[in-house]
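# Overview (structure and organization)
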Amino acid sequence: MSDTVFMADLSWKTYAERVKQGVVMFLPLGATEQHGPHLPMSTDALTSAGISAGVAREVGGLVAPTVNFGYKSQPRMGGGQDFVGTTSLDATTFATVLRDIIRDLARHGIRKLVVLNGHYENMMFSIEGIDLARRELRYDGIEDMKIMRLEYWDFTRPETLVELFPEGFPGYALEHAAVMETSMMLHLHPELVDMSQLPDEPAAEFPPYDIYPTRPEWVPCSGVLSPPKGASAEKGKLLFDDYVVGISAAVRQEFGL
Ligand code: ZN
Ligand code: MN
């Protein structure tokens, strides 16, 4: 038998044993969203799953199948819904999918859950999904499920940001398909990155508001919001290590592992 951390690769019998032992479960949240000409549309899903697996190996946890569709891409953080390929869920659908998954994990006996988000736009609707699940579980008399929720990039150490962006950090929203995500993918899935396709466009400049209908001309043609030039597997490993170390520490502390 393999020592996989992926829940769906286990038989239900093996899984049931792990649940009985009080295993901590990770639920990665991704998206199917354009990530420029050089990265796959699965980038948010693969990074959240990869970090979840890294942390699960550290703390003896399991990783549930990734939620591969996310809430609608927004122009100022993911390029928006105007790109071919970007495939998104309504807010209520997304929250309801989460509610259903969490309810069933609780039914299995999972009491320690980490919802690990890799797509900016999922943030508030993941909170809603957790809230709906907790309300339903209360009706069922399940009050002892503890849920941690996080955006992995909040675990980037300031020292790492200085090392990656000596000229100043453009901010996480503009990091769409840029240095951080490209570096992470070069570390986790180099075979899915095409460095010959790096776009050569300046960073997007957005006003501090949204407009509807959206203005596709606000978004660089490539879909990349700031230049990914300088991305490397080494930088990806720096980031990945920050996330695994930082999130593992938080999980250990919150779940008393
Ligand atoms: Zn992304
Ligand atoms: Mn995204």
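Residues numbered from 1 in each chain as written. Chains lettered and ligands numbered in written order. Predicted model: local features only at pLDDT ≥ 70, side-chain atom pairs only at ≥ 80, totals over all residues. Heavy atoms only, no water.

Moving on to the pattern of salt bridges. Under the counting rule described, the total for this entry stands at 15 salt bridges. Close ionic contact of Arg-103 with Asp-100 constitutes a salt bridge, the shortest N to O distance being 3.4 Å. Of this pair, Arg-103 and Asp-100 both sit in helix 4 (residues 91-108), separated by 3 residues, roughly a single helical turn. Across the salt bridge formed by Glu-159 and Arg-157, the nearest N and O atoms sit 3.5 Å from each other. (Salt bridge = Lys/Arg side-chain N within 4 Å of Asp/Glu carboxyl O. Helix = DSSP H or I, 4+ residues; strand = E, 2+ residues; numbered from the N terminus.)

Protein coordination at the zinc ion (ligand 1): the donors are His-35 (NE2), Asp-44 (OD), Glu-181 (OE) and Glu-181 (OE), at 1.8 to 2.7 Å from the metal. Taken together, the 4 donor atoms coordinating the zinc ion (ligand 1) span angles of 53 to 137° at the metal, a pattern that classifies the geometry as irregular. Separating the zinc ion (ligand 1) from the manganese ion (ligand 2) is a gap of 3.4 Å, bridged by Asp-44, which donates to each. Assigned by exposure class, His-35 and Asp-44 land together as buried. (Donors = N, O, S within 2.8 Å, 3.2 Å for Na, K, Ca; no water. Tetrahedral: all angles 85-135°; square planar, octahedral: opposite > 155°, others 65-115°. Buried < 20%, exposed > 50% of the residue type's maximum accessible area, 1.4 Å probe, protein only.)

Most of strand 1 (residues 24-29) is tucked away: 6 of the 6 residues are buried. Because side chains alternate across strand 1, one face comprises the buried residues Val-24, Phe-26 and Pro-28, and the other comprises Met-25, Leu-27 and Leu-29, equally buried. Taken together, the 2 bridges between strand 1 and strand 2 (residues 62-63) define a ladder with parallel strand orientation. Paired with Phe-26 across the two strands is Val-63, which belongs to strand 2. At this point the chain moves from strand 1, through helix 2 (residues 43-59), to the parallel strand 2, and the crossover so formed is right-handed. (Pairing = 2+ DSSP bridges. Right-handed = clockwise from strand over helix to strand, strands pointing away.)

Our next topic: the sheet that holds strand 2. Spatially, 4 strands are ordered 2-1-5-6 in an open sheet, and the strand pairing comes out parallel. Because the sheet does not close on itself, it has two edges, and the strands there are strand 2 and strand 6 (146-151). Pairing of strand 5 (residues 112-117) with strand 6, which is carried by 6 bridges, proceeds in the parallel orientation. Along strand 6, the bridge assignment pairs Asn-117 with Glu-151. In the packing of helix 2 onto the sheet, contacts are made with strand 1, strand 2 and strand 5, and the angle to strand 1 comes to roughly 165°. (Contact = heavy atoms within 4.5 Å. Axes fitted to C-alpha atoms, helices over the stretch in contact; angles between N-to-C directions.)

The terminal C-alpha atoms of helix 5 (residues 123-139), which comprises 17 residues, lie 25 Å apart, in line with the 24 Å expected from a rise of 1.5 Å per residue. Every buried residue of helix 5 is listed here: Ser-126, Gly-129, Ile-130, Leu-132, Ala-133 and Leu-137. One side of helix 5 carries all its buried residues, which in axial view fall inside an arc of 160°. Turned more than 90 degrees away from the buried face of helix 5 sit Met-124 and Tyr-139, all of them exposed. On its buried face, helix 5 is in contact with strand 1, helix 4, strand 5 and strand 6. Directly after helix 5, the chain includes Gly-141, whose backbone phi takes a positive value near 80°. (Expected span 1.5 Å × (residues − 1). Arc of directions from axis to C-beta.)

A few words now on the side chain of Thr-156. As for its position among the elements, Thr-156 is in the loop between strand 6 and helix 6 (158-164). In this structure the side chain of Thr-156 is engaged in a polar contact, spanning 3.3 Å, whose partner is the side chain of Tyr-172. At 2.9 Å, the side chain of Thr-156 forms a polar contact with the side chain of Tyr-243. Once residues within four sequence positions are removed from consideration, Thr-156 is found in contact with Leu-161, Tyr-172, Met-180, Leu-239, Asp-242 and Tyr-243. (Polar contact = N/O pair within 3.5 Å; in protein donor to acceptor, adjacent residues only side chain to side chain.)

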